[in-house]
Amino acid sequence: MDEDVYLEKEKKRSLLSDEKLLAYAVFNLTRNLKMDYRNAQGVKQKANIISYEGVGKAAAKNIENDEQKAQFLKLHSRDFLLNEYEAGNLEFSIDYRRKIDSGKIIWVRNILYLKRETEGMDTLLYEYCYDINKQKTMETMTKFAVTEEYDLIGTLNLFDNSAIMLYGENSYNAYHERLVEDDYEQAQKNFAIHAVVEVEQSDYLKQVSIDYIKEKLYEDGSYEFYFHMYDSKGRVRTKKKKFVLFEEDMDICHFSQTDITLLVEQEQKEREMLTEALDAAEAANQSKTTFLAQMSHEIRTPMNAIIGMTQLAMDTAISKDTKEYLQKIDSSSHYLLGIINDILDMSRIESGRFELHPAWTPSRDILWPCIDMLTPEMEKKEIVFVHPQENRYRDVEYYVDALRIKQVFMNILNNALKFTPKGGNITLKIQNEEYDDHHSVDRITISDNGCGMSEEFLKRIFQPFEQERNPYSEPVQGTGLGLALVKQIITASGGEIIVESELNKGSVFSFTIPYEYRLIKSERAPRKKTEDAYLSGKHILLVDDHPLNREIAKKLLVKQGAEVDLSVDGKQAVETVDSSEDGYYDMVLMDIRMPVMNGLEASKAIRALKRGDAKKVPIVAMTANAFDEDVKMSMDAGMNAHLAKPIEPKLLYDTICREIEQYRNVDSAAE
């Protein structure tokens, strides 16, 4: 073979390979001379070093690995190569990492070929240097992937069932070779029988069948599934099998198998930790709720006595100063009660236990009790209070949490009342924004010309405990929780609230409330004012284990003309009702927490009595249990209403009148 033919052959070989030719050289080893030295573009390189070994030593300076440098220098030993030629060894190669002119360190491959000169007896050496950095990196990555991450990677021909599979060290491998080309489905059957857990073998074979793979890949382009297999030590491992369609060829897909046992175990541990944390949080919340319920009960019981006795004392006080003192006690008591209610509500919101309990409620029982309660204070401050008239909404019922909606009205109107000076104006407007046969959305706007708020405060107005003191506001008491509760209630109801305000020019609160509604035929007489409450001749059974609470409630009822019987526990109450004439009692006022038999048990027992009035006589909870779930438990026990202590006399009278009216109207209709 002459030199030109040989060079042409080598050039074609380099062009057909994935390797990138960096340079080549030709040496006469016999004479130790450099004959040619060119870069990949064929440009001849000038160099002072002309001997073969000199070139080798100069190039070795760019090799950092000592072992690779030693091998490189050995191949660039003139004596070594001449001896190898005589022994018949004509071709050599070495892969090593070296620094190139740019300073980058890459993998290169040198290929050396020995031959006798065409004319003469000299031995020639042809040396080629290739850039194999990309190829070597891919090989390293593949080796790492198969060794460290993948059990198996492969390529599958979807139409001839042939597969090339590269096995990792941790995979079941019946071939005992790293790289295998074989029948794909037969390989999967062998794998399933010998490695997959028995109960999953059938499903595994279905999911790795070519027909199933085609169906999934042509639909989504890739798919994966999980299964379990035994490792070499008999332990069960969790595996993920993944198939990906080769985009350039619809007949080919790539597949892999990965061990995810540790990942699954870690996820399981995290789930267990989260479950434990959730259980602990729920236990803590339950403890907090129990504590709050207990504290609420313990605080409300003496508060009931303070407010009740104050009301009774104001009715009998003669001295003007005494009445004034009692009014201040009453005002402070209600303020303290408001703080207690706000703190309990915020605690429930923070613990995630805040819920709405909607029920069908006449429209007149939502807004107008709030207006009635606030009107005396409005009149005292000579405020012009503009609001809708009740008769506009008499024949409509709303499906809402009436207690919470009233809380919204009271908080916003109370703020307007507190921050509007004497002789000011407060306006409440209700405007319907949309409706159909069953659903409606109202926008309620409450505006005042009070002290207003700063732009900076408006940014945090709905955050708990936030309050603003500005030059135009009078000193007022408050916890800063009211508007935070308003925001929570409106949001939970599906509405929204916006506020516009300017210092010394007043504020406008605008919010929406979506709700279900229905029309009703009003058959009731006009709602009585508190002072017109008429209980004369009404027989009421009052059930309470606390002597002072019994005394206060009895006096409030007798004051309105009611005839009151007393029971000190639930068992006595059931016996009293059972021994009375049918229809004798117009109402039972029932405490909840009592010895012997509590109020819930007593209510259920009364409803179960075999007498005509057992199912119908109104039973109203009058208790220090004030949480939402307490109200629900009262209703579930068969009660008609739930009044939380401290008892507001007006609310007590209104509730009694309403429930007795309904009870007696039903009886009259039945007759």
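What comes next concerns the included structure. (Residues numbered from 1 in each chain as written. Predicted model: local features only at pLDDT ≥ 70, side-chain atom pairs only at ≥ 80, totals over all residues. Heavy atoms only, no water.)

**Regarding the packing of helix 2 (residues 52-60) against helix 3 (residues 66-75)**
Angle between the axes and distance between the axes are the two parameters that describe a pair of packed helices. The condition is simple: All axes are obtained by fitting lines to C-alpha atoms, using only the stretch in contact for helices, and the reported angles, taken between N-to-C directions, cover 0 to 180 degrees. Each helix is a run of DSSP H or I of at least 4 residues and each strand a run of E of at least 2, with the numbering of both proceeding from the N terminus. When describing relative orientation, an angle under 35 degrees is termed roughly parallel and one over 145 degrees roughly antiparallel, while 65 to 115 degrees is termed roughly perpendicular and anything else oblique. Less than a right angle of anticlockwise turn of the near helix away from the far helix marks a crossing as left-handed, whereas a clockwise turn marks it as right-handed. In what follows, a contact means two residues having at least one pair of non-hydrogen atoms within 4.5 Å. All amino acids are sorted into three groups, where Ala, Val, Leu, Ile, Met, Phe, Trp, Tyr, Cys and Pro are nonpolar, Asp, Glu, Lys and Arg are charged, and the leftover types, Gly among them, are polar.
Contact geometry of helix 2 with helix 3 gives a least axis separation of 9 Å together with a crossing angle of 165 degrees. Relative to helix 3, the element helix 2 is oriented roughly antiparallel. Where helix 2 crosses over helix 3, the handedness of that crossing is right-handed. Listed contacts from helix 3 to Tyr 52, Gly 56, Lys 57, Ala 59 and Ala 60 of helix 2 are Lys 69, Phe 72, Leu 73 and Leu 75. Tallied by class, the residues present in the contact of helix 2 with helix 3 amount to 6 nonpolar, 1 polar and 2 charged.

**Digging into the packing of helix 11 (residues 367-380) against helix 12 (residues 402-419)**
Direction vectors running N to C along helix 11 and helix 12 enclose 20 degrees, while the axes themselves pass 9 Å from each other. Our classification of the angle between helix 11 and helix 12 gives roughly parallel. In the crossing of helix 11 with helix 12, the sense of the turn from one axis to the other is right-handed. Every residue of helix 12 that contacts helix 11 at Leu 367, Cys 370, Met 373, Leu 374, Glu 377 and Met 378 is listed here: Lys 406, Phe 409, Met 410, Leu 413, Asn 414 and Leu 417. Of the residues in the contact of helix 11 with helix 12, the class split is 9 nonpolar, 1 polar and 2 charged.

**Considerations on helix 6 (residues 184-194)**
Counted only if it meets this: Burial classes: relative accessible area under 20% of the type maximum marks a residue as buried, over 50% as exposed, and values in between as partly exposed (1.4 Å probe, protein chains only). What the arc measures is the spread of directions leading from the helix axis to the C-beta atoms. Pairs of N or O atoms are called polar contacts if they sit within 3.5 Å, as long as, within protein, a hydrogen donor faces a hydrogen acceptor (for residues adjacent in sequence, only side-chain-to-side-chain pairs).
Of the positions making up helix 6, those classed as buried are Tyr 184, Ala 187, Gln 188, Phe 191 and Ala 192. Seen end-on, helix 6 carries its buried residues on one side only, within an arc spanning 135 degrees. In this structure, helix 6 carries Ile 193 and His 194 as exposed residues pointing more than 90 degrees from its buried face. The backbone nitrogen of Glu 185 lies 3.2 Å from a side-chain oxygen of the residue at the head of helix 6, namely Asp 183.

**Comments concerning the sheet that holds strand 1 (residues 20-28)**
This is how it is decided: Strands were regarded as paired on the criterion that DSSP finds at least two bridges between them.
One open sheet accounts for 5 strands, arranged 2-1-5-4-3; its pairing is antiparallel. Looking along the sheet, the strands with just one partner apiece sit at the ends: strand 2 (33-39) and strand 3 (91-99). Averaged over all neighbouring strand pairs, the angle between strand axes comes to 20 degrees, with direction disregarded. Where strand 4 (residues 105-116) meets strand 5 (residues 123-131), 9 bridges bridge the pair, whose relative direction is antiparallel. Residue pairing across strands places Tyr 113 opposite Tyr 126, the latter belonging to strand 5.

**Notes on the sheet that holds strand 20 (residues 563-567)**
Strand order in the open sheet made by the 5 strands is 20-19-21-22-23, with parallel pairing throughout. The open sheet has two free edges, formed respectively by strand 20 and strand 23 (641-644), since each of these has just one partner strand. The mean inter-strand angle of the sheet, taken between neighbouring strand axes irrespective of direction, is 20 degrees. Of the strand pairs in this sheet, strand 19 (residues 539-543) and strand 20 are connected by 5 bridges, and their pairing is parallel. What sits directly across from Ile 540, in strand 20, is Val 564. Taken strand by strand, helix 15 (residues 547-559) contacts strand 19, strand 20, strand 21 (587-590) and strand 22 (619-623), and its axis lies near 165 degrees from that of strand 20. Along the sheet, helix 17 (residues 599-607) contacts strand 21 and strand 22; its crossing angle with strand 21, the most-contacted strand, is approximately 160 degrees.

**A word on a negative patch on the surface**
The test is simple: Exposure above 30% relative accessible area and no salt bridge define the residues that can form patches, which grow by joining like charges within 9 Å and nonpolar side chains of Val, Leu, Ile, Met, Phe, Trp and Tyr within 5 Å. All accessible-area figures derive from a Shrake-Rupley calculation using a 1.4 Å probe, and residue coverage is judged against the displayed protein chains alone. Salt bridge, as used here: a side-chain nitrogen of Lys or Arg that lies within 4 Å of a carboxyl oxygen of Asp or Glu. A positive count includes Lys and Arg, and a negative count includes Asp and Glu. His and the chain ends are not counted in either. Taken as the charge centre is NZ of Lys, CZ of Arg, CG of Asp or CD of Glu, depending on the residue.
Taken together, the side chains of Asp 211, Glu 215, Glu 219 and Asp 220 make up a negatively charged region of the molecular surface. Mapped onto the fold, Glu 215 is located in helix 8 (residues 210-220).

**Considering the environment of Phe 462**
Note on placement: Phe 462 falls in the loop between helix 13 (455-458) and helix 14 (482-492). Remark: the alpha-carbon pair of Phe 462 and Gly 480, spanning 18 residues in sequence, is separated by 8.8 Å. Setting aside residues up to four positions removed in sequence, Phe 462 forms contacts with Leu 483, Ala 484, Lys 487, Ile 497 and Val 499.

**What about the pairing of strand 4?**
The element strand 4 is largely enclosed, with a buried count of 9 among its 12 residues. Across 9 bridges, the pairing between strand 3 and strand 4 is antiparallel. Among the inter-strand pairings, Ser 93 is bridged to a residue of strand 4, identified as Ile 111. Between strand 3 and strand 4, which pair antiparallel one after the other, the connecting turn spans 5 residues, and Gly 103 there sits at a positive phi close to 95 degrees.

**Here we look at the packing of aromatic side chains**
Stated formally: Stacked, tilted and edge-to-face are the three classes applied to pairs of Phe, Tyr and Trp rings, where Trp contributes its six-membered ring and a pair requires centres within 6.5 Å; stacked means planes under 30 degrees apart, edge-to-face means over 60, and tilted covers the rest. Two thresholds decide whether a charge sits over a ring: the Lys NZ or Arg CZ must be within 6 Å of the ring centre and within 35 degrees of the ring normal.
For the structure shown, the criterion picks out 20 aromatic pairs. Here the aromatic rings of Tyr 223 and Phe 243 are separated by 5.3 Å at their centres, their planes lie at 10 degrees, and the arrangement is stacked. Here Tyr 223, found in strand 9 (residues 222-230), pairs with Phe 243, found in strand 10 (residues 236-245); they are 20 residues apart in sequence, far enough to count as distant. Judged by its relative accessible area of 8%, Tyr 223 falls in the buried class. Pairing Phe 409 with Phe 511 gives two aromatic rings, centres 6.0 Å apart and planes at 65 degrees, and the pair type is edge-to-face. Of this pair, Phe 409 sits in helix 12 while Phe 511 sits in strand 18 (residues 506-519); the two residues are 102 residues apart in sequence, bridging distant segments of the chain. For Phe 409, a relative accessible area of 5% puts it in the buried group. An aromatic cluster is present here, built from Tyr 172, Tyr 184, Phe 191, Tyr 204, Tyr 212, Tyr 223, Phe 225, Phe 227, Phe 243 and Phe 255 joined pairwise through their rings. Stacked on the ring of Phe 191, the Lys or Arg Lys 241 has its end atom at 5.1 Å from the ring centre.

**Some details on unusual backbone geometry**
Cis rather than trans, the peptide bond between Lys 645 and Pro 646 has omega equal to 0 degrees. Note on placement: Pro 646 falls in the loop between strand 23 and helix 19 (649-670). At Asn 32, a position not held by glycine, the phi torsion is positive, near 55 degrees. Here Asn 32 shows up in the loop between strand 1 and strand 2. The phi angle at His 176 is positive, at roughly 60 degrees, despite the residue not being glycine. Examined against the element boundaries, His 176 turns out to sit in the loop between strand 7 (162-167) and strand 8 (179-183).

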